[in-house]
Amino acid sequence: MTSSQTTAAPLLQNEHEMEMEMDPVALMRGDGPEERWEAISDLDAFFSRVYEYFHERGLRCILASRIISLLSLAFTIALTVFLFELLNLEGLVNDCRDEESCSNHTRVPVVRPTMRGSPFVWLYVLPIFSCYWLWTLRHFVKDLRPLLEMRDFYRDRLQIDDDELHNIAWDAVVQRIVELNDRTRLCIVKEQLTPHDIANRILRKENFMVAFVNRDLLPLQWPPPLSRFDFLTKTLEWNLYLCILDAMFDGDFKVRRSFTQDVHGVRRLQFNFMVVGALNALAFPFIAVVMLVHFFIEHFEELYRRPTASAFSRDYSRHARWMMREFNELPHAFDARIHASRDDANRYTEEFPAPLVTLLAGFVTFIVSSLVGVLLALSLINENILLFYRLPEA
């Protein structure tokens, strides 16, 4: 080998390594350097992504779930605009009297020729709907590359394909991660990685939430005279994560000193609560519309067949779930434990009848049944719509 060939060899090797570093497709295929999965700086985020990939059963299920969520939200937006702006409800109810009038689409159009132009829809609901949909789409696109990298990690490092994720247990995945760490040192903080370390990093914030609820550190009671009842909704839980749990950790996932010992940290927390409270008050009509439309789209058929069972099917409240949850208990294990306890819990509660609660339940059952009846009122007021109305031919 000549001196020029000897000099060119490392240059070609360096050039190839630079191409590999610059080529995202090569990185996603797993053709990059072996050190890509060594000495991971943010183990909390990494193990959370590993568990999320397992819990949602692989790349195909995750992508399908995200796409269906986007399509469902887009359909909800379109349906809301159609119902409030385009549906000719007055004409269908008042002008559709017989087969002849209902067949006259010029006289009784199902769609209004012009939109109502409601300020509530165009200046409030539709912009917030659209911004939320675009925000969801942005996160979907942003998460594509991490998902592909996690698929490669499972396939190339753990030797687990997506098809195996439907049957494999989380304990087996953890065991392979521990064995991989012995070979490649994912974690450089400590010599030996244990299943407890992995669970503790995945559930760092959730463990604080468990402690907050179990120690009664959060004022979750209703004001008197309902103070003996606890109040914790999904929206309130999101707000607590945003104001407290997301703000209390630094880049190394340690509690900020200013969060607990600095007056400015306390004022910052108070400011966060006020800002989030104002945003909740501003978005309340939008959230109410979204929840109402989504609820009837998803549960109308069940409400129609079994209104009482749908309205009063027993389940654990969110507060009860956090009270019963153990430290470092992963969601899939907790859900399995809760599911196994439902039958016994229902039999236990039936041993203690509450007359007042029964009366209130009967009243709410009446309200729910009435709402379902209102949805069917169109056929009761003017059955000709269902008998004679035909959509116009394309």
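Just above, that's the structure.
Model, not experiment: these values are computed from the prediction.

Caption draft 1: Structural detail: the packing of helix 4 (residues 59-86) against helix 8 (residues 144-157). Contact pair helix 4 / helix 8: the axes reach a minimum separation of 10 Å and the direction vectors enclose 160 degrees. Considering the angle they form, helix 4 stands roughly antiparallel to helix 8. Relative to helix 8, helix 4 is oriented so that their crossing is right-handed. Side by side, helix 4 and helix 8 meet where Leu59, Ile62, Leu63 and Arg66 of the first sit next to Leu144, Leu147, Leu148 and Arg151 of the second. In terms of residue class, the contact of helix 4 with helix 8 is made up of six nonpolar, no polar and two charged.

Caption draft 2: The pattern of salt bridges, seen in detail. Enumeration according to the criterion identifies 18 salt bridges in this entry. The closest approach of N and O atoms between Asp152 and Arg155, which form a salt bridge, is 2.8 Å. Taken together, the positions of Asp152 and Arg155, both in helix 8 and three residues apart, correspond to about one turn of that helix. Given the relative accessible area of 31%, Arg155 is considered partly exposed. The salt bridge partner of Arg318 is Glu237, with a shortest N-O separation of 2.8 Å. Of the two residues, Arg318 is situated in helix 16 (residues 318-324) and Glu237 in helix 12 (residues 234-245); the sequence distance between them amounts to 81 residues. The exposure class assigned to Arg318 is partly exposed, which follows from its relative accessible area of 29%. Its relative accessible area of 5% is what places Glu237 among the buried residues. The network of salt bridges with common partners includes Glu52, Glu56, Arg66 and Asp143.

The rules behind each value
- Think of each chain on its own: its residues are numbered from 1, step by step along the sequence as written.
- Only residues with pLDDT of at least 70 get local features here, since the model is predicted, and only at 80 or more are side-chain atom pairs given and counted; chain-wide, interface and lining totals rely on the full set of residues.
- Values shown for side chains rest on all heavy atoms present in the structure; no hydrogens or waters enter the calculation.
- Each axis is a line fitted through C-alpha atoms, taken for helices only over the stretch in contact, and angles between the N-to-C directions span 0 to 180 degrees.
- Segments assigned H or I by DSSP are reported as helices when at least four residues long, segments assigned E as strands when at least two residues long, and all are numbered from the N terminus.
- The cut-offs work like this: below 35 degrees is roughly parallel, past 145 is roughly antiparallel, 65 to 115 is roughly perpendicular, and the gaps in between are oblique.
- Here is the rule for handedness: rotate from the far helix to the near one, and if that takes an anticlockwise turn smaller than a right angle the crossing is left-handed, while a clockwise turn gives right-handed.
- Any two residues whose heavy atoms approach within 4.5 Å at even a single point are treated as in contact.
- Just so you know the grouping, Ala, Val, Leu, Ile, Met, Phe, Trp, Tyr, Cys and Pro go in nonpolar, Asp, Glu, Lys and Arg go in charged, and all remaining residues, Gly too, go in polar.
- By convention in these notes, a salt bridge is any Lys or Arg side-chain nitrogen within 4 Å of a carboxyl oxygen on Asp or Glu.
- Only protein chains enter the calculation, and the probe is 1.4 Å; a residue is then buried if its accessible area is under 20% of its type maximum, exposed if over 50%, and partly exposed in between.

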